[in-house]
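Now for the letters of each chain:
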Amino acid sequence: EPFVGHSAGSSLASPGTGDGRSGGIAAALAHTDASADAVGDAARAVATAAWVHGRAGARAGRGMGTVAGDVIDALPSTLLAISTRPAPTIEQPS
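This structure is a prediction, so every number in the text was calculated from the model and none was measured.

(A) Expanded view of the overall build of the chain. Of the regular secondary structure elements, the chain holds three helices and zero strands. Element order for the chain, N to C, with α for helix and β for strand: α-α-α. The buried share of the chain, taken over its 94 residues, is 28%. Contacts in the chain between residues at least 24 apart in sequence constitute 67% of all its contacts with a sequence separation of at least 6. Summed over all atoms, the accessible surface of the chain reaches about 5900 Å², with 58% contributed by carbon and sulfur.

(B) The nonpolar core, seen in detail. Listed in full, the five residues of the largest apolar core are L12, A56, A60, V71 and A74. At the level of elements, α2 (39-60) and α3 (68-83) are the ones that each hand at least two residues to this core.

(C) Region of the structure containing α3. Given a rise of 1.5 Å per residue, 16 residues ought to cover 22 Å, and the 23 Å separating the end C-alpha atoms of α3 matches this to within 8%. At L75, α3 shows its maximal bend, which comes to roughly 40°, and the proline P76 appears one to four places after that position. When α3 is considered as a whole, its buried residues turn out to be A68, D70, V71, A74, T78 and I82.

(D) Fine view of helix α1 (residues 17-30). Along its 14 residues, α1 runs 20 Å from first to last C-alpha, staying within 8% of the 20 Å computed at 1.5 Å per residue. Here α1 has its buried residues at T17, I25 and A28. The arc that holds every buried residue of α1, seen down its axis, measures 80°, which confines them to one face. Opposite the packed face of α1, turned more than 90 degrees from it, sit the exposed residues D19 and A30.

(E) Seen up close, the environment of I82. Structurally, I82 is set in helix α3. When its relative accessible area of 18% is taken as the criterion, I82 is described as buried. Between the C-alpha atoms of I82 and R55, which are 27 residues apart in sequence, the distance is 9.2 Å. With near-sequence residues (within four places) excluded, I82 lies in contact with W51 and V52.

(F) Summary view of the environment of L75. As for its position among the elements, L75 is in helix α3. Considered as a pair, L75 and G57 are 18 residues apart in the sequence and their alpha carbons are 8.5 Å apart. Beyond its immediate chain neighbours, meaning those up to four positions away, L75 contacts V52 and A56.

(G) Representation of the environment of A60 in the model. Here A60 shows up in helix α2. Its relative accessible area of 18% is what places A60 among the buried residues. In this structure, the C-alpha to C-alpha distance between A60 and V71, residues eleven residues apart in sequence, is 5.6 Å. Once residues within four sequence positions are removed from consideration, A60 is found in contact with T66, D70, V71 and A74.

Cut-offs used in this document
- Residues numbered from 1 in each chain as written.
- Predicted model: local features only at pLDDT ≥ 70, side-chain atom pairs only at ≥ 80, totals over all residues.
- Heavy atoms only, no water.
- Helix = DSSP H or I, 4+ residues; strand = E, 2+ residues; numbered from the N terminus.
- Buried < 20%, exposed > 50% of the residue type's maximum accessible area, 1.4 Å probe, protein only.
- Contact = heavy atoms within 4.5 Å.
- Areas by Shrake-Rupley, 256 points an atom, 1.4 Å probe, with all protein chains shown as cover.
- Core = buried A, V, L, I, M, F, W, Y, C linked by side-chain atoms within 4.5 Å.
- Expected span 1.5 Å × (residues − 1).
- Bend = angle between axes of the 7 residues up to and from the residue.
- Arc of directions from axis to C-beta.

Here's what the structure looks like:
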């Protein structure tokens, strides 16, 4: 089933930001079990990585002037900020 996240914005509409998202997704998947029983865990890991990437883009905060390096630079502070809060709710539309 699809996941719907609401963390992305115009700051992610620049070349290279998708490469950073792909790296985050790969890292999240590397920490999941590869068995068929863990498909749901992998899907949640991908959705969470995409959500974190969107939050980092928002934190980079330069709108259309944001470049990929700005998003990557914002990852540590984003991870720190969200590590002290409950995990986000990610919708699964029916």
